[in-house]
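Structural overview for review
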Amino acid sequence: MTSRLLGVSLGRVSLGRVSLGRVSLGRVSLGRAVLALGMCGAAGGTLVAGLVMPFVGGAGLAARSAASTLTYLPAPLREEPLPEVTRLLDRNGRQIAQFYYQNRQSVPLSAVAPVMRQAIVAIEDARFYEHGGLDIKGTLRAFVTNTRAGGIRQGGSSITQQLVKNIMVSQAESEQEREQALVRSFRRKLDELRYALALERKYTKDQILERYLNIAYFGAGAFGVQAAAKRFFGVDAADLTLTQAATLAGAVRTPYDTDPSLGDEHRDRLRTRRDLVLGRMAELGIIGKDAARTAAAAPLGLHLSPEPGGCAGSAHPFFCVYVEREVLTNPAFGYSRADRERRLQRGGLTIWTTIDPVAQRAAERAISARVKPRDHQVASETMIEPGTGHIRAMAVSKRYGRNPHNRDLGPSTTYNLAADTAHGGGLGLQAGSTFKVFTLATALKQGMRFGDGFAIPGAYVPSYGYRDCSGRAVNDPHTVIHNAGGEGGGGPYSLEMGTWQSVNIFYMRLEREVGLCDVVQTAKSLGIRRADGTPLHEVPTFTLGANEMDPTTVAAAYAALAARGRYCRPMAITAVVERDGTRTDIPPACVTALEPAVADAVSHVLTGVFSKGTMRGQSIGRPAAGKTGTNNGYTSAWFAGYTPALAAAVSVGDIRGSYRYPLTGVTIGGRYYGAVQGASLPGPIWVDSMRAALRDTPAYGFVPPDMARFGGGFTPGLKEALEKQREKEKKKRKAEREKHDDDASEQDATAGAASGVAGASGGTATSPLAAGGMTAPTGVGAAPAVPVIRPPMPGGVSARHSSAASGARTPGRPLFSGARPVAHGSSSRAPVRTGSAGAPPAARRVGWASLTRPRDAAPPASAPAAQRASARSGPPHQAKARKATAQHATARTTTAQHTTARKTTARQVEARKSAAQRSQARKSQARKSQARQDEARQDEARRSRTRQGGTSATGGRKTARTATHAATHTGAARDGQRGRAARQTGHGAGGHRKKHPDGGRHPRHQTNGHPRH
């Protein structure tokens, strides 16, 4: 040691080279030293007087007596390990949370920047490496100043003395002990000095400085130089610069007054202290004056990095809560809760956990996509690895923490709703039909086979046959069990069908057959415990999920099925590393709960839930098994499922109380739900989270069941019931197809009539295509129509269901129908297919072409001369009537052309049907529909001719024929008779229908099942 010791040798006490004001003592004799200390004691106070008292006990006091007083020092302070931060790591070794009583991470002196060591020595104890624990000059100067001021205004303690004070504070077990360690008294100062001298004998100077830098409080919640460097500047202690080191050294003296996290005023004080340290370092020659001025001109350069402790600052707070409660409740971490809490917050442990960041993100994103934090309904999910019980993810739809003003409801919660109460959770939710798997496993274990089953009634009363595990009858003759919506009614059900459809009554009967107690025992062997820690309710509705559960417990039970019957207790910690580097690995706690063959058989049945049951249509793209759960009254909804690599359970319920607030008529995540079922919300969350969590995991299948043991079952009457059901469904589908074709035919007939009207009348024609966004102006040379977005056809009928009158269509393309361009005097009703080779270029481009005679064009040459003459004379209303009659004559002369067009269209329809490989039954139905359509047209034509009987404008000649499309004659003739302009309104797909003169809708324009527009 390079320093000179202060009176610590046996039989000899010597003073080092100490200067007192302008007096240099050098190596003085004991008598002169006593005299000097006595003089200073009179001026400096009772502390120094107490120190020199052994030397001035009397005139004949010997040097040996004084030496013994200072030599017999107390034993050094008992140094408990400093409180250290306990860190939580994920499975990949990345920190996810930390716990501490004091935010501290001890480092060796070699891991502290040299400039930091120089700064702290310069400002706190410039002669640290020269004195033996007591800085005489500094102490005397401080006490003279304090005496004059009437109180303590200046500190004179050495670094060793400050270390003693910090040790006493850190080891205080109570607030009273802490206050005693901090009390400002001369008695404490004397004790401090005596212990400091003892420490000087035990440690080297560098060892004392290392301990001081690790124990000192720097403010802003940072204990020790490493935590302070991270907190103030976001760097390690080894990387501190001159300015940063001076800032931290200045904060040690008054850490609360210079705490930079408390505002600008505190930061100004901190800067003043930093500049003082820089000046002191320049004064001692540690740095140059120019360097000191440059550093003092720089800003503080703070980069306050949050160093939160506890789970509130964790990236995965709910999983963090689970780990914290596991440590505090597990006797392996201490004999009492106080011991375990002290170890967690002070022990400096490194705890390796099981959480998988990929799975955790998958669960959080799947939940947040469907349930929002501000919703009263809350979703929770836990993922567990089969065969180990490792919790890979734990997510809740709400944020962790307290709500504003400490309200009970809001976007945050401090309950770990994915776990039981022992791990920070709530009271849980009824698990619903997820409990049916325990009855299924019990039935297979007792010898039931696939296909075995029985007939059930439409309602069931559990009035007999149920006994709990104590042998007590627990029948409930006052409860009537019904199947939930969509689960089927009475009749025969096999084991698989009853599971796939989740039939309540079937499972109530099955539970009675295998024994309620046996089902309860199976559930317990798979780790089933109530969320609140109370015993399971052994009641007849046990198989329907009458017990409140948490997702972690349910997921662990299903993980056992994935592991072929091996149940493992859910675990979140895999290893604990002590502060000295000692590592303790924690193995899984597993037992065989089911025979592997029974578990394989259960998995075989549960895979059908995705292909044939309540989750039909939802898949994760790999083999999976699972079960939905929807409680009576929709108080909660569940889905639990698994693959060979991962199991998960999702629950949804109202945080205000599931019984008071059922999941009916609710809006969750911006979506409205008439009733939340297991497959409608928990199921999709499970699917999305599992698909993402397993994206980098190979897809393994389940072990096939032992069919020799479990195959060959029989359910009386099931085959006949299934055949009857198939026939019923076949008839239902046939009726739906017929109705669908009738609706399509009626629309096509209406569309064809409208196109005929457009071709025969003047003005702007509104065709069936107009509903698709095109309107073609009539008249020779009219410009092609401009296509716009085509809306869907009314009534849900798509374009592919249009009739032969609309022309054939390429599958997968929108249907555009229109009139084929013809010369004057010919029919304009023949359809043209969009893009067909026979259509002119304009028609192929826009899917519509219509060339019709303008309103003022002369009648065609084929019309009688008398009609042409009448068209040029007579009153306006007679001219319009004669004009309409002429149009009918034109239609009569082109009947043959219409017939040809219809035949062509029929051939196109047949070709389209052949291309699509439609069934023969559908072809027959289409032909029948066409026949009915033709018959309706003929009836309409006859009625029209009857209504329009009379003479023409040239001599009362009766119109002999009408056009094939009834709507043309109906509208045009009626308008002609009434003396109004021939106006037609298309009523094809999406068009408006013409109102009857009396204000109602004409019977011929009624639709069969389509909504009125």
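The preceding data block contains the structure.
Below: a short report on this structure. (Residues numbered from 1 in each chain as written. Predicted model: local features only at pLDDT ≥ 70, side-chain atom pairs only at ≥ 80, totals over all residues. Heavy atoms only, no water.)

Observations concerning the environment of R530
Within the secondary structure layout, R530 lies in the loop between α20 (516–525) and β16 (548–549). A residue is classified by how much of its surface remains accessible, and R530, at 7% relative accessible area, is buried. Remark: the alpha-carbon pair of R530 and N547, spanning 17 residues in sequence, is separated by 6.5 Å. Setting aside anything within four residues of it in sequence, one finds R530 in contact with P535, L536, H537, N547, E548 and M549. At 2.9 Å, the side chain of R530 forms a polar contact with the side chain of T534. (Helix = DSSP H or I, 4+ residues; strand = E, 2+ residues; numbered from the N terminus. Buried < 20%, exposed > 50% of the residue type's maximum accessible area, 1.4 Å probe, protein only. Contact = heavy atoms within 4.5 Å. Polar contact = N/O pair within 3.5 Å; in protein donor to acceptor, adjacent residues only side chain to side chain.)

Here we look at the packing of helix α17 (residues 436–445) against helix α22 (residues 596–611)
With their axes 9 Å apart at the nearest point, α17 and α22 run at an angle of 130° to one another. Classed by the angle they form, the pair α17 and α22 counts as oblique. The element α17 and its partner α22 pack so that their crossing is right-handed. Judged by residue contacts, V437, L440, A441, L444 and K445 of α17 engage V598, A601, V602, V605 and L606 from α22. Of the residues in the contact of α17 with α22, the class split is nine nonpolar, no polar and one charged. (Axes fitted to C-alpha atoms, helices over the stretch in contact; angles between N-to-C directions. Parallel < 35°, antiparallel > 145°, perpendicular 65-115°, else oblique. Left-handed = near helix turned anticlockwise from the far one by under 90°. Nonpolar A, V, L, I, M, F, W, Y, C, P; charged D, E, K, R; others polar.)

A few points about the nonpolar core
M383, F438, L444, F506, L510, L606 and W686 are the most contacted members of the largest nonpolar core, which totals 125 residues. Considering each element in turn, this core owes the most residues, nine residues, to helix α21 (residues 551–562). Other than its neighbours up to four places away in sequence, F438 contacts V519, T522, A523, L526, I528 and A557. The next biggest cluster of nonpolar side chains, apart from the first, holds 52 residues, and it includes A119, L240, A249 and L300. (Core = buried A, V, L, I, M, F, W, Y, C linked by side-chain atoms within 4.5 Å.)

Here's the deal with the sheet that holds strand β8 (residues 350–353)
Pairing within the open sheet is mixed, and its five strands lie in the order β4-β3-β8-β18-β19. With one partner strand each, in any of the chains shown, β4 (95–99) and β19 (583–585) form the two edges of the open sheet. Neighbour-to-neighbour, the strand axes of the sheet open up by a mean angle of 20°, direction not taken into account. Of the strand pairs in this sheet, strand β3 (residues 86–89) and β8 are connected by three bridges, and their pairing is parallel. From the neighbouring strand, L88 faces β8, where its bridge partner is I351. (Pairing = 2+ DSSP bridges.)

Some thoughts on the state of the cysteines
Applying the stated rule across the entire model yields three disulfides. Here C568 engages in a disulfide with C590; their sulfurs sit 2.0 Å apart. Taking the torsion about the S-S bond as the criterion, the C568 to C590 disulfide, at about 105°, is right-handed. In this pair, C568 is assigned in strand β17 (residues 566–568) and C590 in strand β20 (residues 590–592), connecting sequence segments 22 residues apart. No difference in accessibility class separates C568 from C590, as the two residues are buried. (Disulfide = S-S within 2.5 Å.)

With respect to the sheet that holds strand β5 (residues 103–104)
In spatial order, the strands read β5-β7-β6; together these three strands make up an open sheet with mixed pairing. Taken across any chain shown, the strands that pair with only one partner, and hence form the sheet edges, are β5 and β6 (217–219). Two strands pair when backbone bridges link them, and β6 and strand β7 (residues 222–223) are joined in this way by two bridges, in the antiparallel orientation. Bridge assignment links G219 to a residue of β7, and that residue is A222.

So, unusual backbone geometry
Non-glycine residue S502 carries a positive phi angle of around 55°. Mapped onto the fold, S502 is located in the loop between α18 (495–500) and α19 (504–514). Here S502 falls in the buried class, since its relative accessible area comes to 2%. We note that Y634 has phi near 55°; this positive angle belongs to a residue other than glycine. Relative to the helices and strands, Y634 resides in the loop between β21 (625–630) and β22 (637–642).

What to know about the pattern of salt bridges
Under the definition given, this model contains 25 salt bridges. Salt-bridge contacts for E538 lead to K524; the nearest nitrogen and oxygen are separated by 3.9 Å. Remark: K524 occurs in helix α20 and E538 occurs in the loop between α20 and β16; sequence separation between them is 14 residues. Here the residues in one salt-bridge network are R370, D688 and R691, joined through shared partners. (Salt bridge = Lys/Arg side-chain N within 4 Å of Asp/Glu carboxyl O.)

Some points on the side chain of D420
Structurally, D420 can be placed in the loop between β12 (412–413) and β13 (429–430). The buried charged residue D420 lacks any salt bridge partner; its closest oppositely charged side chain belongs to R569, at an N-O distance of 7.7 Å. In contact with D420, other than residues within four places in its own chain, are G425, G426, A531 and D550. (Lys, Arg positive; Asp, Glu negative; His and termini not counted.)

The analysis is restricted to geometry; functional conclusions fall outside its scope.
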